[in-house]
Number of protein chains: 2
Amino acid sequence: MANCSVARTLDVVGTRSTLLVMREAFLGTRRFHDFAERIGSGEAVTAARLRDLTAAGLMEKVPYQEPGQRTRYEYQLTQKGRDLLHAIMALREWGDSWAADEQGPPWISTHTGCGAEVRTVMRCAHGHDVHFGETTVTPGPGLILTDPAAHS
Amino acid sequence: MANCSVARTLDVVGTRSTLLVMREAFLGTRRFHDFAERIGSGEAVTAARLRDLTAAGLMEKVPYQEPGQRTRYEYQLTQKGRDLLHAIMALREWGDSWAADEQGPPWISTHTGCGAEVRTVMRCAHGHDVHFGETTVTPGPGLILTDPAAHS
DNA sequence: TGCCTGACTTTGTCCGATGCTAGCCAGCGC
DNA sequence: GCGCTGGCTAGCATCGGACAAAGTCAGGCA
């Protein structure tokens with residue numbers, strides 16, 4: 001099980017604070033102060049997460065300058081970071097379904113074009129909707145080369 | 001930001017070993033020995049995660065009996081657990097795209113009906129495909145009641 | 001009755017994530 | 001230059017998860 005894509009993903013974004021930073025980024029947050037305030041984990045943790053995510057290539061620092069202020073940097077998602085959107089959305093949906101308080105979900109995500117609510121779904125390359133139990137998992141090229149010795 | 005569905009989800013499945021157990025469950029693993037062996041995190045961690053997931057209602061223990069063996073229990077996903085499939089799939093896809101080794105992804109997930117590869121996508125209730133930047137996030141009922149005092 | 005095996009549980013230790021406080025530093029206004 | 005402010009960084013205590021090894025327990029079996 002050495003070569004598992006889920007484990008590899010968790011190596012990069014596997015901590016709570018990292019995923020919360022990414023959540024904020026998807027909500028449109030760009031600046032250090034806003035991240036620190038909204039995540040509620042302290043400036044040190046925020047700075048560490050932003051540094052790690054920048055180093056990992058999920059975010060990039062872009063300079064900006066408010067009038068009368070010195071140049072500062074904001075943090076924008078790269079394509080690599082934006083590709084995590086589905087995962088964040090799916091985690092949010094699960095929380096909405098199974099862990100929301102009585103009042104309902106805190107945020108609602110809608111399609112900007114038509115206003116209808118957005119959800120994640122699975123779909124195959126032929127365009128069919130796919131649900132739990134309708135998938136077949138087969139070893140891919142990355143697995144075959146890994147375990148001549150132990151099966152683990 | 002107290003009421004965030006992503007954070008609530010992470011309270012339940014926010015650790016690496018928890019998500020690895022869920023991944024194994026989606027690959028069809030049911031029995032303690034198989035979980036422990038394939039996750040590679042030791043029996044103590046495996047037992048703790050299975051216990052936590054059962055207590056949280058994502059899995060349930062179902063008795064079974066091999067001939068000549070005493071009754072044992074296997075762990076099956078409940079609906080609450082199965083609903084995490086999209087999140088696991090999305091994390092796996094990200095790992096395949098951005099963190100796979102040169103040989104390629106270790107597993108390939110295909111639609112059992114037609115054999116085409118499966119991916120997660122976002123779609124609105126009207127049936128439109130939705131991509132990054134095409135969503136509007138608005139406060140939902142759960143947020144409005146939380147912050148009379150501080151904005152945080 | 002006592003052994004043996006598989007499935008956990010307990011104990012202890014280590015390490016990384018977190019939270020807190022204080023300090024550094026670049027650069028704009030003065 | 002000088003001080004002030006925002007954006008980090010360093011140091012430290014704490015806590016929870018990860019890992020290893022030994023202990024417990026149920027029940028089939030000799």
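For the structure itself, consult the block above.
Residues numbered from 1 in each chain as written. Chains lettered and ligands numbered in written order. Predicted model: local features only at pLDDT ≥ 70, side-chain atom pairs only at ≥ 80, totals over all residues. Heavy atoms only, no water.

Visitor: Please clarify how the protein's contact with DNA strand C should be interpreted in this entry.
Guide: Taken together, 20 residues are adjacent to DNA strand C, and Ser17(A), Arg49(A), Gly68(A), Arg70(A) and Arg70(B) come closest. Here the atoms of DNA strand C within 4 Å of the protein split so that 73% fall in sugar or phosphate, with bases taking the remainder. At 3.1 Å, a side-chain N or O of Arg70(B) approaches a base nitrogen of DNA strand C. Only α4 (43-55) of chain A together with α3 (32-39), α4 (43-56) and β2 (72-77) of chain B provide two or more residues apiece to the surface near DNA strand C. (Near = heavy atom within 4 Å. Polar contact = N/O pair within 3.5 Å; in protein donor to acceptor, adjacent residues only side chain to side chain. Helix = DSSP H or I, 4+ residues; strand = E, 2+ residues; numbered from the N terminus.)

Visitor: Honestly, the relation of the copies chain B and chain A in this entry has me stumped. Any pointers?
Guide: Superposition of the two copies of the chain requires a rotation about an axis and a shift along the axis. Each copy of the sequence occupies a distinct position, and chain B is placed on chain A by a rotation of 180 degrees and an axial shift of 0.0 Å, giving an RMSD of 0.1 Å. Those values place the two copies in the arrangement expected of a two-fold rotation axis. Mapped onto chain A, 99% of the interface residues of chain B are again interface residues, and the two copies thus contact each other with one and the same surface. (Least-squares fit on C-alpha atoms with pLDDT ≥ 70 in both. Contact = heavy atoms within 4.5 Å.)

Visitor: Explanation requested: the nonpolar core in the structure shown.
Guide: Nonpolar side chains in soluble globular proteins tend to be buried together. Counting residues in hydrophobic clusters, the biggest one holds 64 residues, and the most contacted among them are Met59(A), Leu84(A), Met59(B) and Leu84(B). Not counting residues within four places of it along the chain, the set of residues in contact with Leu84(B) comprises Leu91(A), Trp94(A), Val13(B), Met22(B), Phe26(B) and Leu58(B). (Core = buried A, V, L, I, M, F, W, Y, C linked by side-chain atoms within 4.5 Å. Buried < 20%, exposed > 50% of the residue type's maximum accessible area, 1.4 Å probe, protein only.)

Visitor: What should I look at first to understand the sheet that holds strand β5 (residues 129-130) of chain A in this one?
Guide: The pairing of strands in a sheet comes from backbone hydrogen bonds and takes either a parallel or an antiparallel form. Reading across from one edge, β5(A)-β4(A)-β4(B)-β5(B) is the order of the four strands in this open sheet, with antiparallel pairing throughout. Every interior strand has two partners, whereas the edge strands, β5 of chain A together with β5 (129-130) of chain B, have only one. Bridge analysis of strand β4 (residues 118-124) of chain A against β5(A) gives two bridges, and the strand direction is antiparallel. Bridge pairing in β5(A) places Met122(A) opposite Val130(A). Along the sheet, helix α6 (residues 85-98) of chain A contacts β4 of chain A together with β4 (118-124) of chain B; its crossing angle with β4(A), the most-contacted strand, is approximately 120 degrees. (Pairing = 2+ DSSP bridges. Axes fitted to C-alpha atoms, helices over the stretch in contact; angles between N-to-C directions.)

Visitor: Would you explain the protein's contact with DNA strand D in this entry?
Guide: Not every one of the 19 residues close to DNA strand D is listed here, only the nearest: Glu43(A), Ser17(B), Arg49(B), Gly68(B) and Arg70(B). The share of sugar and phosphate among atoms of DNA strand D within 4 Å of the protein is 69%. A distance of 3.4 Å is found between a sugar or linking oxygen of DNA strand D and a side-chain nitrogen or oxygen belonging to Arg72(A). Within the side chain of Tyr75(A), a nitrogen or oxygen atom sits 3.2 Å from a phosphate oxygen of DNA strand D. At the level of secondary structure, the elements contributing two or more residues to the surface near DNA strand D comprise α3 (32-39), α4 and β2 (72-77) of chain A together with α4 of chain B.

Visitor: Please clarify how the side chain of Thr78(B) should be interpreted in this entry.
Guide: Inspection of the secondary structure assignment puts Thr78(B) in the loop between β2 and α5 (79-82). When its relative accessible area of 15% is taken as the criterion, Thr78(B) is described as buried.

Visitor: Can you help me understand the interface of chain B and chain A in this one?
Guide: Often the size quoted for an interface is simply the accessible area lost on bringing the parts together. Between chain B and chain A, the residue contacts involve 83 residues of the former and 82 residues of the latter. Taken together, the two surfaces of chain B and chain A that pack against each other cover about 8,000 Å², and 65% of this comes from carbon and sulfur. Linking chain B with chain A are four salt bridges. One salt bridge in this structure joins Arg16(A) and Asp11(B), with 2.7 Å as the shortest N-O distance. Viewed at the interface, chain A and chain B are joined by 35 residue pairs in polar contact (both at pLDDT 80 or more). Per-element accounting of the side of chain B that touches chain A gives the leading share, 13 residues, to helix α6 (residues 85-98) of chain B. Taken together, the residues of the side of chain B that touches chain A sort by class into 41 nonpolar, 23 polar and 19 charged. Pairing of β4(A) with β4(B), which is carried by seven bridges, proceeds in the antiparallel orientation. Each bridged residue has a counterpart across the sheet, and for Arg123(A) the counterpart in β4(B) is Arg119(B). (Buried area = accessible area lost by both parts, 1.4 Å probe. Salt bridge = Lys/Arg side-chain N within 4 Å of Asp/Glu carboxyl O. Nonpolar A, V, L, I, M, F, W, Y, C, P; charged D, E, K, R; others polar.)

Visitor: Would you mind showing me how to read helix α1 (residues 5-13) of chain A here?
Guide: Residues lying three or four places apart along an α-helix face the same way, a consequence of the helix completing one turn every 3.6 residues. When α1(A) is considered as a whole, its buried residues turn out to be Ser5(A), Val6(A), Ala7(A), Thr9(A), Leu10(A) and Val13(A). For α1(A), the secondary structure elements touched by its buried residues are α2 (16-26) and α4 of chain A together with α2 (16-26) and α6 of chain B.

Visitor: Could you clarify how one ought to interpret the layout of surface pockets in this entry?
Guide: With a probe scaled to a water molecule rolled over the atoms, the places where space remains empty come into view. Taken as a whole, the largest pocket encloses approximately 460 Å³ of empty space. Along the wall of the largest pocket there are 28 residues; nearest its centre are Ala25(A), Phe26(A), Leu27(A), Gly28(A) and Phe132(B). Within the residue set of the lining of the largest pocket, elements represented by two or more residues are α2, β2, α6 and β3 (107-111) of chain A together with α1 (5-13) and β6 (135-139) of chain B. With five residues, α6(A) is the largest single contributor of residues to the lining of the largest pocket. Looking at side-chain class alone, the lining of the largest pocket contains 16 nonpolar, seven polar and five charged residues. (1 Å grid on protein atoms, 1.4 Å probe; cavity = no way out; pocket = protein on both sides within 12 Å on 5 of 7 lines; lining within 4 Å. Points joined across faces, edges and corners; volume = space filled by probe spheres on them.)

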